[in-house]
Structures are given as structure tokens and as C-alpha cells.
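# Fold and geometry: a report
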Amino acid sequence: MAAAVAATIAGMTNLATPYRTHTCGALRGIDAGAEVRLAGWVHRRRDHGQLIFLDLRDRHGITQVVVDATESPDAHAAATRCRNEFVVTVAGLVERRRPGGENAKLPTGEIEVRARELTVLSEAKTPPFYINEPDLPVDESVRLQYRYLDIRREPMLRRLLLRSRLVEEIRLAHHANGFVEIETPILIKSTPEGARDFIVPSRMQPGTVYALPQSPQQLKQLLMVAGVDRYFQIARCFRDEDLRGDRQPEFTQLDLEMSFVTEETVTAFVEAMAISVSRAVTPERPLQQVPFPRFTYDEALERFGSDKPDLRFGMQLADLGPLLTDAVGEPASGFRVFDETLAAGGRVKGIAVPGLAEASRARVDELTESARRYGARGLVTLAVTASEVHGPSLKFLGAERAEALARRCGAEVGDLVLIVADRPSVVTDVLGRLRVDLGAKLGLADPAVLAYCWVDRFPMYEWDAERNGWHATHNPFSGVVPEDEALLVTASGDPERPSPDDPAGSARAMQYDLALNGWELGGGSVRIHQRALLERSFALQGHTRASMRQKFGGMLDAFEYGAPPHGGIAIGIDRWAALLADQATIREVMAFPKTSSGSDLMLDAPSAPDPGQYAELGLRYVGFPDPA
């Protein structure tokens, strides 16, 4: 035992067990002549009468096993029974394959094992899909129902191994930089984090509930008050929200917090960590730019129409307003749609789409319908050809102005310019979505490239018209840019009488997001660490003294005992793994994900509880009122 532990520590992990001396991916030509034992699943079986060939598979690889009836009749009889996915153990001699019979596609392709003994450990029914045909399309619902079989397939297994390596490298980077890994509770008190909580009724304290954490936000800040200095964990988190490709009800995040830091301290460490992890896990994928580009929130929206821009392609948004006004700034394009929009305080912006100048009318109509679906009133197009710029609006704009608009968008011959005129937020959102859609459909982004970037200086608060108040754009603990601290007030002077015109609406947070290839990878901030300022921010978010005590009492009390300046970030492990594995959904890098409706098809969850469970908790299900 001591020798095995020493070998593991030295990096020479011994995977031998009573059922195997080697894994199915370990043997090479230098092992010829060795007596070995393997164990695994029958990947393929080829029966040539006297000779039966079995491809034996485990997660480490595949080894060809040859069973000769004249050499080992008992083993041959057992092999005759075998079918795909039977679990067997084989003992025999390693031999080099005959010249010309090598399999260059397999690391073990130089050798085969001549079986002298074969034992069936477990039989298998015919699977609902082929395990040994990884490229064969299988309906996702079937894959999720039989996920334990799907994981046997090479693509799914490869992605889980990549995820494991990702977490390993994350841990190594943090331990090398003085971080302490600490687990925080799963049963906690509900706090506002932007989504609904999953709640857990308490049997021991009837009528009360725990919440499953949306993040360990308060706990990691309390660890800074406790003097831990640098904390991290691979944290399980839960959010009861509608699902999509990058969301699941339960997810995993890298959660970290650091004391005595500025924004630059945190982002510098995270960037260095992300670079080292990316290069270790996917060395074949180039980083587009190091150091990572940095944009303010306003700049990202202005240029890309998104606060998580995909930098792998251009098609940046261009402000066309200056070309549509006269010397004193009055609208003067001659095109009513543009002039009325600018006169009302709106924006006119455009993007140049490569290669679509010759798009059919049906394709242009499709783009226009997409723009309307995203919230625009319509879409103006200009096609740039070798001889002219043309489009339906040309008769109003004139050729010279149309050419200037196309140049402003960076259009070249063969490009199609898309222009939206509307309220500023609509223009930004619509063109940003069209940019992403077209970038994907036209294959403009190099799938091999990893394009990280930072986005910072987010608005501190957003106005909630339904609630008639402010709420934090990220989490309620984010710090304010020091020069904006004076803005954390209402116009009325009374925090209980907020309005959209409050100075607080102009305050910027010390918030920073890390984006990768058009996905938000993580978000963090330097926190408020002074009780008085935190209470002031809570008041702007609509909390009374009583609700502050009820929701945040533990943290407010802790800040009375000396809280260091601190900040951190949370990065989605599922998203990071999906992006590194070049997948469009995080389900493809999760062992046992839920469907888009939140169901577990494999274990048939959620399900109705046993009546006794309700009774034990003092609960009963009353259902929802009939909407009719």
C-alpha cells in the first residue's frame, strides 16, 4: 500500500486491479512478450470461425484481443457468447501484429493480446443506440434517458475528461497562488441573487425553509472578514429559472475571493489563471489576444451591441448619425425614417455583412423579419457592388450619401449593409443580435480560436418600472466606482422615493465580466466593505432597515468587526468546459443534465413525494388556482 501511494504521488499512477494488469489503452510494441490481463467492454466482435477478434474498450482506450479455438478452446467458447457491451476480463500474451495488420488509428494498434483465458463478468442487452458509432445521430432525449450509455461513447467521454482536466488545472493554479479551498453550505438562507431560489422545507423547524445557494456570495465575503485572505471552491449552485443552452437548474462555478485587492489585482490573477488553464487543457487552440482586450460596458454595446462580445469576427456597429445631420446637428438626410428617429433622440447605426450583396429578396425579407422579431420597426439595406451602392432607400438618400454610409460601416464590394433606426437601446440590441446570428450562419468566427475579453464599468443599478425602484445590475454587494460614490442618492433626498431621474442611475459599479467567444464566462466585482455604504446601497434598492436586517443581518453585523477591502469573481465551469470543447450547449459537458423543461429522464425526476414526506414536514399540496 505504501509503495502504491508513493507511486501515485510521484505521478506513476498504478491502475492495476485483480481484474487487470493494464488498461485497454496502455499496451505498446515494447510490451510484446508480456503476460497481461485486461478488463472492459466488448466494443466490437468479429467472428472468423476458429478465430474471434474482440475490440476491448475502457475509458483509456481499445485493445484488440484474438481468441484462437486451437490455442484456448474454453476462452473461444466464452468469446462465442460475447456480444457488444458485454463486460469481460481477458488474460493472455501481448504480440506484435503481423506486418501490414497494424492499426495506425489506435495508440495500441501495433499489438494484440492472444487470449488464453476469457471470463464474461456481465452480459448486456442490445443498447438503444450504437456505442461504437460515435458519429451516428441519436435523439438527445434518448441520450439523456440512457446517459450512462452515452458516456461510454468516445465524444461524450472525451468532453467529460476535458472538464476533469479543466478543474484540475484550476485547482493547481489557485493552490500555486496562495488560495485556500473551502466548501460552503448548500442549505442556506435565501438572498436576492437575480433568480428564484429552490427551497427546502425544514422538518426540525416546521414552517421554515432553507434555500439552495444561487452562489456562495455572502459566505465568501464572510470568509474575507474571517481573515482567510484568498478563498476558492468549485461550487455547486442552483437557480430556479427558465433553461437555455448555457443554463441548467444546477450548475458548477469557480468561486473565488481575495482580500486587500483592487479591480486590477483580481482581474490580473484571473487573466493569468485563464491563460495558463486554457493552454494546459487545449494547447491546440490559440488565444486570439494576450493580454485580453478590455472594454467598458458602454464601449462594448456601442461597438458590438453586446456586453459579451464575440471578437473572432468584425462586423462592428457603426454610428451613422453624423452623416445624416447638417452642420448644426439637425437631421438632414431626406429620408423620413432616419430624420424622425434622430429628431426624437434615437440612433441610426449599421453593420456591414460580408458577401451578402447579392442576397435574394427572400433572404433580405428574412433578415428584416428577424430585426422586427428582435424589436425593430424595420431594416434598411444597402448592397455594395463593384459598380454602385443600391437599395430601396437610395432614392431618398442619394448615391453619394449612401456610399458614405456604406464606407462608415466598413463595407467592401460584395457586402450588404444593414441599418436600424430606433430608440438607442433597440438599435443596439437588434444589431447586436443580428451580428451574432450572421456571424454564426456565415461561419465568420474561427472555431479554433479562444477570444477572451474583459467588460467593466457596468451601471450600478437598473430601473425596474414594474417595481418602481432600482435594482443592482449584478449582485447587491458590488462596490461603486469611487468617483461615483456621491451619486448614490435619490433626487428627492429620500431613499424611499426613488425615480428614474435619480443620480444613482448614473453610478458605475466596480464590476467586471469575463467573456469568451460571445458567452459571459464569469462576473465579479470589488465589493462594498463598509456597513454604512452597504446600507445606503441597499436602501436605493428598496430595502427598509427591517428587510436589510432580515435578508443581510449576518453580513451587516460582520462588517462591524473589521472587513478588509475585497473582491472576487465567479466563473461558470460548465460554460468554460463547453467553450473549450467547442459545444453549443452546456448539457454536452455535464454528466447528468436536465432537459430544457428541467426533467431528469434517466431517474424520472422531479416526481411526486411520498405522502408521508409531506406529512412529516407538516405540508400538503394545494395546487394552483384554475386560470379560468
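Quantities reported herein were computed from a predicted structural model and do not represent experimental measurements. (Residues numbered from 1 in each chain as written. Predicted model: local features only at pLDDT ≥ 70, side-chain atom pairs only at ≥ 80, totals over all residues. Heavy atoms only, no water.)

## A look at helix 16 (residues 573–580)
Helix 16 sits mainly inside the fold: eight of its eight residues count as buried. Those residues of helix 16 that sit buried are Ile573, Asp574, Arg575, Trp576, Ala577, Ala578, Leu579 and Leu580. Where helix 16 ends, the next residue or the one after it, Asp582, has phi of about 60°, a positive value. (Buried < 20%, exposed > 50% of the residue type's maximum accessible area, 1.4 Å probe, protein only. Helix = DSSP H or I, 4+ residues; strand = E, 2+ residues; numbered from the N terminus.)

## What about the packing of helix 6 (residues 217–225) against helix 15 (residues 545–558)?
One way to put it is that helix 6 packs onto helix 15 with a least axis distance of 10 Å and a crossing angle of 15°. As summarised for this structure, helix 6 and helix 15 are arranged roughly parallel, according to the angle between their axes. The two elements helix 6 and helix 15 cross, and the hand of that crossing is left-handed. Residues Gln218, Gln221, Leu222 and Val225 of helix 6 touch helix 15, and the partners they reach there are Lys551, Phe552, Gly554, Met555 and Ala558. Of the residues assigned to the contact of helix 6 with helix 15, the class counts are five nonpolar, three polar and one charged. (Axes fitted to C-alpha atoms, helices over the stretch in contact; angles between N-to-C directions. Parallel < 35°, antiparallel > 145°, perpendicular 65-115°, else oblique. Left-handed = near helix turned anticlockwise from the far one by under 90°. Contact = heavy atoms within 4.5 Å. Nonpolar A, V, L, I, M, F, W, Y, C, P; charged D, E, K, R; others polar.)

## Thoughts on the domain arrangement of the protein
Each assigned domain of the protein is listed with its residue range as follows: domain 1 (2–122), domain 2 (156–288 + 573–611), domain 3 (315–444) and domain 4 (459–508 + 530–563). In this structure, domain 2 and domain 4 have C-alpha centres spaced 26 Å apart. Taken together, the contacts link nine residues of domain 2 with 12 residues of domain 4. Surface buried jointly by domain 2 and domain 4 totals about 970 Å² across both partners, of which 64% is contributed by carbon and sulfur atoms. Summed over the shared surface of domain 2 and domain 4, the number is zero salt bridges. Counting the contacts that link domain 2 with domain 4 gives two residue pairs in polar contact (both at pLDDT 80 or more). In terms of residue class, the side of domain 2 that touches domain 4 is built from three nonpolar, four polar and two charged. (Domains from an automatic or database assignment. Buried area = accessible area lost by both parts, 1.4 Å probe. Salt bridge = Lys/Arg side-chain N within 4 Å of Asp/Glu carboxyl O. Polar contact = N/O pair within 3.5 Å; in protein donor to acceptor, adjacent residues only side chain to side chain.)

## Some thoughts on the side chain of Thr267
Note that Thr267 resides in helix 7 (residues 263–281). Within the structure, Thr267 has its side chain in polar contact with the side chain of Arg294 (distance 3.4 Å). With near-sequence residues (within four places) excluded, Thr267 lies in contact with Arg294, Trp454 and Tyr512.

## A few points about the pattern of salt bridges
Pairing of side chains with opposite charge becomes possible as their charged atoms draw close. A full pass over the atoms with the stated rule returns 50 salt bridges. The partner of Glu133 in a salt bridge is Arg44, and the shortest N-O contact between them spans 3.4 Å. Separated by 89 residues along the polypeptide, Glu133 in the loop between strand 5 (111–122) and helix 3 (140–145) and Arg44 in strand 1 (residues 35–48) bring together distant segments of the chain. Judged by relative accessible area, Glu133 falls into the partly exposed class, the value being 37%. Assessed through its relative accessible area of 31%, Arg44 is described here as partly exposed. Its salt-bridge partner being Arg114, residue Glu71 comes within 2.8 Å of it at the nearest N-O pair. Of this pair, Glu71 sits in the loop between strand 3 (61–68) and helix 2 (73–81) while Arg114 is found in strand 5, placing the two residues 43 residues apart along the sequence. For Arg114, a relative accessible area of 17% puts it in the buried group. The network of salt bridges with shared partners includes Arg143, Arg147, Asp150, Arg153, Arg159 and Glu588.

## Some thoughts on the environment of Cys82
Secondary-structure assignment places Cys82 in the loop between helix 2 and strand 4 (87–96). Measuring from C-alpha to C-alpha, the distance between Cys82 and Phe251 comes to 40 Å, with 169 residues separating the pair along the chain.

## Here's the deal with the side chain of Glu85
The topology assignment puts Glu85 in the loop between helix 2 and strand 4. Assessed through its relative accessible area of 3%, Glu85 is described here as buried. At 2.8 Å, the side chain of Glu85 forms a polar contact with the side chain of Arg152. The residues contacting Glu85, other than those within four sequence positions of it, are Trp41, Val42, Arg57, Ala124, Pro127, Ile131 and Arg152.

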